[in-house]
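Listed here are the chains, written in short residue letters.
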Amino acid sequence: MLSFDEAGQSGGKPLILVHGWCCNRRHMAGLFQHFSRSRHVFAVDLPGHGQTPIQDTPPLMDAFAASLSAFLMERELFNAILVGHSMGGLLSVLAAGQQSERVAGVVSLDGPLPLTAQARAGYEGLFSRIRAEGYRAVAARFVREVFFLPLERGSLCEGIVADMLSLPEDLAVALLSQLPTLDVGKALTACRVPMLCIGGSFPRFDQAALARLRPRAWIARVALSGHFVQIFALPQIIAMIEKFLESGVTASAAGSDPR
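Cut-off values and rules
- Residue positions are given per chain, counted from 1 along the sequence in the order it is written.
- A pLDDT threshold of at least 70 governs which residues receive local features in this predicted model, and a stricter bar of 80 or more applies before side-chain atom pairs are shown or counted, although totals over entire chains, interfaces and linings include all residues.
- Hydrogen atoms and water are omitted, and side-chain values are computed over all heavy atoms in the structure.
- Take the buried Ala, Val, Leu, Ile, Met, Phe, Trp, Tyr and Cys residues and link them wherever side-chain atoms come within 4.5 Å; each set so joined is a nonpolar core.
- With a 1.4 Å probe rolled over the protein chains alone, any residue whose accessible area is under 20% of its type maximum counts as buried; one over 50% counts as exposed, and the rest are partly exposed.
- Contacts are assigned to residue pairs with any non-hydrogen atoms lying within 4.5 Å of each other.
- Only runs of H or I of at least four residues qualify as helices and only runs of E of at least two qualify as strands under DSSP, and these elements are numbered from the N terminus.
- When two rings of Phe, Tyr or Trp (its six-membered ring) have centres within 6.5 Å they constitute a pair, described as stacked for plane angles under 30 degrees, edge-to-face for angles over 60, and tilted for the intermediate range.
- The criterion for a charge sitting over a ring is simple: Lys NZ or Arg CZ within 6 Å of the ring centre, and within 35 degrees of the ring normal.
- Under this scheme, a helix contributes an axis fitted over its contacting stretch, all axes are lines through C-alpha atoms, and angles between N-to-C directions fall in the 0 to 180 degree range.
- Roughly parallel covers angles under 35 degrees, roughly antiparallel covers those over 145, roughly perpendicular covers 65 to 115, and oblique covers all other angles.
- Note on convention: the crossing is left-handed when the near helix lies turned anticlockwise from the far helix by less than a right angle, right-handed when the turn is clockwise.
- Amino acids are sorted into nonpolar (Ala, Val, Leu, Ile, Met, Phe, Trp, Tyr, Cys and Pro), charged (Asp, Glu, Lys and Arg) and polar (every other residue, Gly among them).
- By disulfide we mean two sulfur atoms from cysteines, separated by a distance within 2.5 Å.
- Between any two strands, pairing holds if DSSP finds at least two bridges.
- Think of it like this: strands point away, you trace from the first strand over the helix to the second, and a clockwise trace means the crossover is right-handed.

**Student:** I'd love a proper account of the nonpolar core, names of residues and values included.
**Tutor:** Counting 63 residues, the largest nonpolar core has Ile16, Trp21, Val106, Tyr123, Phe147 and Met164 as the members making the most contacts within it. Look past the residues within four positions of Phe147 in its chain and what remains in contact with it is Trp21, Tyr123, Phe142, Glu152, Met164, Arg204, Gly226, His227 and Phe228. One finds Phe35, Ile81, Leu196 and Phe244 within the second-largest nonpolar core, a separate group that totals 24 residues.

Here you go:
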């Protein structure tokens, strides 16, 4: 069972906030605080992250998505809006495909849907360095250089980096190694609900490929933000999600997204 925070009023479409790779639900705090004023909001810790033990959950994307699907069933949630950052965006898409009757929409915050060619090559180079130098020797540098703009580096950045490096190495590597090879096209096809995909200044996802795979998806970018858009561009992200909730989720009949 996933550990979680819950706040807000029941009724309407609940929001489920899903953190990214090596993070935890605290990294979704800004969204949680804002939307809990008007909606029923949950922020979860994925298996092996935050306060959720890994237990017998295999370190596979499908298994992590299944844990998110199980959370929806355990809490008897319907018409949920899944809001996922990074890997959490990918897991939200997978879970929406597994639980289409319970999910009304997905918001992916710089999720790898699909990865750009540059990001894919970057991961290949990262794995080569890990094999040569070891995970700890290269992970912190990789995270700082890839996930944060120079103007974002400081105490807040270092706190996030420290949180990410606290995850056990075997789990971190097992999850990260799946990103370049995952069949994202299949996942996007199985996810039939409206989608909002938001990237930072240098999106991790291939916007053109996403538009081909999901021509009805809303695709946007925020200015002057690295990968952690929900932290460093919080007002812009809130405005886009609010707009999506007001119009995007109801634009397709019965929550579907025909192509």
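**Student:** Which residues make up the environment of Leu151, and what values go with them?
**Tutor:** Here Leu151 shows up in the loop between α5 (135-147) and α6 (155-165). Judged by its relative accessible area of 60%, Leu151 is exposed. Separated by 73 residues in the primary sequence, Leu151 and Leu224 place their C-alpha atoms 8.6 Å from one another.

**Student:** Describe the packing of aromatic side chains, with residues and values.
**Tutor:** Throughout the structure, instances matching the rule amount to ten aromatic pairs. Arranged with centres 5.7 Å apart and planes meeting at 70°, the rings of Phe142 and Phe147 form a pair that is edge-to-face. With respect to burial, Phe142 and Phe147 carry one shared label: buried. Judged by centre distance (5.3 Å) and plane angle (10°), the rings of Phe148 and Phe228 are stacked. One end of the pair, Phe148, is in the loop between α5 and α6; the other, Phe228, is in the loop between β7 (218-221) and α10 (229-232), with 80 residues separating them in the sequence. There is no split in this pair, since Phe148 and Phe228 are both buried. The structure contains a cluster of three or more aromatic residues connected by ring pairs, namely Tyr123, Phe127, Phe142, Phe147, Phe148, Phe228 and Phe232. Seen from the ring of Phe78, Arg102 lies directly overhead, with NZ or CZ sitting 4.2 Å from the centre.

**Student:** If you had to explain unusual backbone geometry to someone new, which residues and values would you point to?
**Tutor:** Going from Leu113 to Pro114, the amide bond is cis rather than trans, its omega being -15°. For Pro114, the location among the structural elements is in the loop between β5 (103-109) and α4 (117-133). Of note, Ser86 is a non-glycine position whose phi angle comes to about 55°, a positive value. Residue Ser86 is classed as buried on the basis of its relative accessible area, which comes to 11%.

**Student:** Could you give an account of the packing of helix α2 (residues 61-74) against helix α3 (residues 87-98), with specific residues and numbers?
**Tutor:** Running from N to C, α2 and α3 cross one another at 65°; their axes reach a closest spacing of 8 Å. Classified by the interaxial angle, the pair formed by α2 and α3 is roughly perpendicular. Note on packing geometry: the crossing formed by α2 with α3 is right-handed. Residue-level contacts link Met61, Asp62, Phe64, Ala65, Ala66, Leu68 and Ser69 of α2 to Met87, Leu90, Leu91, Ser92, Leu94, Ala95 and Gln98 of α3. Looking at side-chain class alone, the contact of α2 with α3 contains ten nonpolar, three polar and one charged residues.

**Student:** So what's going on with the state of the cysteines? Which residues, and what values?
**Tutor:** Evaluation of the coordinates by the stated rule reveals zero disulfides. No disulfide involves Cys191; its nearest neighbouring cysteine sulfur is the one of Cys197, lying 8.8 Å away.

**Student:** Please give an account of the pairing of strand β4 (residues 80-85) that cites residues and values.
**Tutor:** With six of six residues buried, β4 lies mostly within the body of the structure. Residues Ala80, Leu82 and Gly84 of β4 are buried on one face, and the alternating residues Ile81, Val83 and His85, pointing to the opposite face, are buried as well. Of the strand pairs in this sheet, strand β2 (residues 15-18) and β4 are connected by four bridges, and their pairing is parallel. From the neighbouring strand, Ile16 faces β4, where its bridge partner is Leu82. Bridge count between β4 and β5: six bridges; the pairing is parallel. Within β5, the position partnered with His85 by the bridge is Leu109. Remark: the β4/α3/β5 crossover connection has right-handed handedness.

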